[in-house]
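Residue-level structural notes
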2 protein chains.
Amino acid sequence: MSASDFLSAVRSRRTIYSLSKEIQVSEERIQEIVREAVKHTPSAFNSQSARVLVLFGEQHDKLWDLTTEILRAIVPADKFESTGQRMGGFRAGYGTILYFEDQAAVEALQAQFPSYAERFPTWSQQSSGMLQYVIWTALELEGLGASLQHYNPLIDEKVRAEWGIPETWQLIAQMPFGHPTAPPGDKEFKPLEERIKVSP
Amino acid sequence: MSASDFLSAVRSRRTIYSLSKEIQVSEERIQEIVREAVKHTPSAFNSQSARVLVLFGEQHDKLWDLTTEILRAIVPADKFESTGQRMGGFRAGYGTILYFEDQAAVEALQAQFPSYAERFPTWSQQSSGMLQYVIWTALELEGLGASLQHYNPLIDEKVRAEWGIPETWQLIAQMPFGHPTAPPGDKEFKPLEERIKVSP
């Protein structure tokens, strides 16, 4: 693959909110993408701190049902309509990938390399971002649509109980995906000359 | 491009320490990669907080010279040899890409969306990780070698003064790159069944 093909994939990865369950990709293929991404995405000192929970079908529905119930308890009733619609949109997808960072792995690095102790939590977040990006882009190349959501830490306790998540796994993000039923929205771009400097 | 080609690029992106200045890629092409990556890598609420400084040739050499001098002042003299060799290895490359996050963009989000104020710095770090990853992988596909270094915050002040970096740009990482003169080292992998859970 050329860098140009890669950059074309970078351009076509977008936030897709409009999803259905009618996907054309097998669960096995999605799991293979997740395995390859988790295995090969870099981490500080090769600490491999990323953890992932993949939910398909009814388990996916259950995640968005429990998130809806948690939000219903805290969002004012007269403002819940749009929240409920947003939840319904995610639930309309086929599955969700949940991203965690294992704090036991981060703390092991801190104990082993005390002079970098303050840095490891930050590098762990950067590495999680890389993994989210890799899976997002690969799903898009398989014809799926996805977005990145952050209902942590509101849902952490319920997720932990429901899917037996170890205490040390910290929830970072949720990525609902499915068959895209509408194109992405418009996106505005700041001038690149304000964002990039070059010194030849 | 297929997801399989993309995952092949994901597998081949590795840390390359052994670099020379004999690159087969133009500075224009490298700048194009940086522009496309900065433009299309996602950020929280499309805040586009990432900033990049690209150093080629003598400017690249200057970065590693000033980093060496800063380290010489703090690393014990009898332990400086390996540090000096590491610095020489980075300097032997052709260029360096420096990654920043503009805290003015992060603070603007915090002011606009106070209920997420605590989250934006973390999401900014995740987005920076995504950008580092995109450029790293694209450089590798162009036949270059690169690695990710973190001499911030030690070098922040000198970098700011030398290249006129705005006060609000926070340095996150440095990516020296060049022509790869040796293959990557071995890499160990934890069992994936300890890192991934699937609930069908």
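Residues numbered from 1 in each chain as written. Chains lettered and ligands numbered in written order. Predicted model: local features only at pLDDT ≥ 70, side-chain atom pairs only at ≥ 80, totals over all residues.

1. Quick word on the overall build of chain A
For chain A, the count of helices and strands is seven helices and six strands. Ordering the α and β elements of chain A from the N terminus gives α-β-α-β-α-α-β-α-α-β-α-β-β. Computed over the C-alpha atoms, the radius of gyration of chain A is 18 Å, within 12% of the 16 Å expected from 2.2 N^0.38 for a compact globule of 200 residues. For chain A, the spread of C-alpha atoms along the three principal axes comes to 50 × 40 × 35 Å. (Helix = DSSP H or I, 4+ residues; strand = E, 2+ residues; numbered from the N terminus. Rg over C-alpha atoms; globule rule 2.2 N^0.38 Å.)

2. Quick word on the relation of the copies chain B and chain A
Mapping chain B onto chain A calls for a rotation angle of 180° and an axial translation of 0.0 Å; the resulting RMSD is 0.0 Å. Both copies are brought into coincidence by an operation consistent with a two-fold rotation axis. Of the residues that chain B buries at the interface, 100% are likewise interface residues in chain A, meaning the two copies contact each other through the same surface. (Least-squares fit on C-alpha atoms with pLDDT ≥ 70 in both. Contact = placed C-beta atoms within 7 Å.)

3. Details of the environment of Gln59(B)
Topologically, Gln59(B) is positioned in helix α3 (residues 57–72). C-alpha of Gln59(B) to C-alpha of Met175(B): the two residues are 116 residues apart in sequence and 14 Å apart in space.

4. What to know about the interface of chain B and chain A
Each partner contributes to the interface: chain B provides 59 residues, whereas chain A provides 59 residues. Contributing elements (two or more residues each) for the side of chain B that touches chain A: α1 (3–12), α2 (27–40), β2 (50–56), α3, α6 (120–141) and β6 (196–199) of chain B. Among the elements that line the side of chain B that touches chain A, the one with the most residues is α6(B), at 13 residues. Residue composition of the side of chain B that touches chain A, grouped by class: 27 nonpolar, 18 polar and 14 charged. (Nonpolar A, V, L, I, M, F, W, Y, C, P; charged D, E, K, R; others polar.)

5. Comments concerning the packing of helix α1 (residues 3–12) of chain A against α2(B)
Here α1(A) crosses α2(B) at 15°, and the two axes come no closer than 9 Å. Considered as vectors, α1(A) and α2(B) are oriented roughly parallel to each other. As α1(A) packs across α2(B), the resulting crossing turns out to be left-handed. Residue-level inspection shows Ala3(A), Leu7(A), Val10(A) and Arg11(A) of α1(A) in contact with α2(B), the latter providing Ile33(B), Glu36(B), Ala37(B) and His40(B). (Axes fitted to C-alpha atoms, helices over the stretch in contact; angles between N-to-C directions. Parallel < 35°, antiparallel > 145°, perpendicular 65-115°, else oblique. Left-handed = near helix turned anticlockwise from the far one by under 90°.)

6. Quick look at the packing of helix α6 (residues 120–141) of chain A against α1(B)
Running from amino to carboxyl end, α6(A) crosses α1(B) at an angle of 155°, the nearest separation of the two axes being 8 Å. Regarding the angle of α6(A) to α1(B), the classification is roughly antiparallel. Here α6(A) contributes Val134(A), Thr137(A), Ala138(A) and Leu141(A) to the contact with α1(B), which in turn contributes Ala3(B), Phe6(B), Leu7(B) and Val10(B). The residue inventory of the contact of α6(A) with α1(B), partitioned by class, reads seven nonpolar, one polar and no charged.

7. What to know about α3(B)
All names here are of chain B. Helix length check: α3 (16 residues) gives 23 Å between terminal C-alpha atoms against 22 Å at 1.5 Å per residue, within 8%. Taken together, the buried positions of α3 are occupied by His-60, Leu-63, Trp-64, Thr-67 and Thr-68. Summarising the axial view, the buried residues of α3 lie within an arc of 130°, below the 170-degree limit, and thus occupy one face. α3 presents Glu-58 and Glu-69 as exposed residues on the side facing more than 90 degrees away from its buried surface. Each element contacted by the buried residues of α3 is listed here: β2, α4 (80–91) and β3 (95–102). (Expected span 1.5 Å × (residues − 1). Buried ≥ 20, exposed ≤ 12 C-beta atoms within 10 Å, placed from the backbone. Arc of directions from axis to C-beta.)

8. Some details on the confidence of the model for chain A
With 100% of its residues at a pLDDT of 70 or more, chain A shows a mean pLDDT of 97. Both scores are available for the predicted complex, with the pTM at 0.98 and the ipTM at 0.98. (pLDDT = per-residue confidence, 0-100.)

9. Re the pairing of β3(B)
In summary, the side chains of a regular strand alternate between the two faces of the sheet. Most of β3(B) is tucked away, with eight of its eight residues classed as buried. Here β3(B) shows a buried face lined by Gly95(B), Ile97(B), Tyr99(B) and Glu101(B) and a second buried face lined by Thr96(B), Leu98(B), Phe100(B) and Asp102(B).

10. Some remarks on the nonpolar core
Ranked by internal contacts, the top residues of the largest apolar core, which has 94 residues, are Ile135(A), Ala138(A), Val52(B), Ile135(B) and Ala138(B). Not counting residues within four places of it along the chain, the set of residues in contact with Ile135(A) comprises Ile33(A), Val34(A), Ala37(A), Ile97(A) and Met175(A). (Core = buried A, V, L, I, M, F, W, Y, C linked by C-beta atoms within 7 Å.)

11. Some words on the environment of Leu98(B)
All names here are of chain B. Relative to the helices and strands, Leu-98 is located in strand β3. The exposure class assigned to Leu-98 is buried, which follows from the 26 C-beta atoms found within 10 Å. Separated by 18 residues in the primary sequence, Leu-98 and Phe-80 place their C-alpha atoms 24 Å from one another. Each residue touching Leu-98, except ones within four places of it in the same chain, is listed here: Val-52, Leu-53, Val-159, Leu-171 and Gln-174.

12. A few points about unusual backbone geometry
Looking along the chain, the bond that leaves Asn152(A) and enters Pro153(A) is cis, with omega of -5°. Looking at where Pro153(A) falls in the secondary structure, it is placed in the loop between β4 (145–146) and α7 (156–163). With phi around 50°, Gln48(B) is a residue other than glycine that occupies positive phi space. Among the secondary structure elements, Gln48(B) is positioned in the loop between α2 and β2. Take Gln48(B): there are 22 C-beta atoms within 10 Å of it, and that puts it in the buried class.

13. Focus: helix α5 (residues 103–112) of chain B
All names here are of chain B. Taken together, the buried positions of α5 are occupied by Ala-105, Val-106 and Leu-109. Mapping the buried residues of α5 onto a view down its axis gives an arc of 100°, with all of them on the same face. Across from the buried face of α5, at angles greater than 90 degrees, the exposed residues are Ala-104 and Ala-111. Where α5 is buried, its residues meet β3 and α6.

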